[in-house]
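# Observations on chain architecture
Next come the chains, spelled out residue by residue.
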Amino acid sequence: RCEVDGQLDQAQTLYEEALRMSPRDGPSLNQLGLLLWDGKQTAAAAIQVLRRGLEVDPVDPVLLANYARVLEESGGDLRLAQTLYRRAVALQPHDANALCNLGCLLVGQHSAPRNTHNPVAIHPSTHLASGSSSDVAVSLQHTATYSEEGVGIGGSGLDAARDTFRRALQMAPFHGGATANLAMLLCETLGKAGREEAQFLVNAALQHDPANEDVLE
């Protein structure tokens, strides 16, 4: 509640008090790390806290993905960030946000900075798909040939980034960041066919949610 109200110092104090009582509490370490980065832009402190979390649980996909995000956004070790994202996705393959973040990192590593959507914080419940069954069926018509086993996200470059965004849309159809970034890549790399698919994806996302800010941008 303190974070929502903008009382960051008070929120930090509460997390630190909780950790003094239970120093191996992974969720509290994750939330404190996010607060230190998202709220206060203190990368070194955030990384230290998230590392503590991974010492407690080195296979926590939420901590792995958020550690990667802080490294990416703060200009840290991008190769390590990619490794951490891949570990997070391997452990939690249905996490659309982590997949989208990995795709953005792959785009950024391949070329000059683009207008990709910023990586998002990962929370335990954010990977769940949304939308009615009929909405999902329509969206998946354009991604049906990219089965979970067939999507190669082990490489690098723009091809791997496209596949990663497609995978994210399989997990969460109409995901704003994945839709916007995949549409951008399709337009830039696949010519007319890419532009047509991009328009389909954007139209489907906006039909599902006309107020989708990621897609509207």
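Shown above is the structure to which this text applies.
Residues numbered from 1 in each chain as written. Predicted model: local features only at pLDDT ≥ 70, side-chain atom pairs only at ≥ 80, totals over all residues. Heavy atoms only, no water.

### Description of the overall build of the protein
Tallying secondary structure elements over the protein gives 11 helices and 0 strands in all. In the protein, which comprises 217 residues, the share counted as buried stands at 47%. In the protein, of all internal contacts separated by at least 6 residues, the share reaching a separation of at least 24 is 57%. Within the structure as shown, the protein displays about 10,600 Å² of accessible surface, and the carbon and sulfur contribution to it stands at 51%. (Helix = DSSP H or I, 4+ residues; strand = E, 2+ residues; numbered from the N terminus. Buried < 20%, exposed > 50% of the residue type's maximum accessible area, 1.4 Å probe, protein only. Contact = heavy atoms within 4.5 Å. Areas by Shrake-Rupley, 256 points an atom, 1.4 Å probe, with all protein chains shown as cover.)

### Details of the pattern of salt bridges
Within the structure shown, the criterion is met by 4 salt bridges. One salt bridge in this structure joins Arg 69 and Asp 38, with 2.8 Å as the shortest N-O distance. Linking Arg 69 in helix 4 (residues 61–73) with Asp 38 in helix 2 (residues 26–39), this pair joins segments that are 31 residues apart in sequence. For Asp 38, a relative accessible area of 40% translates into the label partly exposed. Between Asp 159 and Arg 162 there is a salt bridge, with the nearest N and O atoms lying 2.3 Å from each other. Of the two residues, Asp 159 and Arg 162 both sit in helix 8 (residues 157–171), 3 residues apart, roughly one turn of that helix. With relative accessibility at 12%, the residue Arg 162 sits in the buried group. In this structure, a network of salt bridges that share partners links the residues Asp 38, Arg 69 and Glu 73. (Salt bridge = Lys/Arg side-chain N within 4 Å of Asp/Glu carboxyl O.)

### Brief notes about helix 2
In this model, helix 2 (14 residues) spans 19 Å end to end at C-alpha, consistent with the 20 Å of a helix rising 1.5 Å per residue. Burial of helix 2 is extensive: 10 of the 14 residues sit out of reach of the surface. Burial in helix 2 covers these residues: Gly 26, Ser 28, Leu 29, Asn 30, Leu 32, Gly 33, Leu 34, Leu 35, Leu 36 and Trp 37. If you follow the buried residues of helix 2, they end up packed against helix 1 (8–21), helix 3 (43–56) and helix 4. (Expected span 1.5 Å × (residues − 1).)

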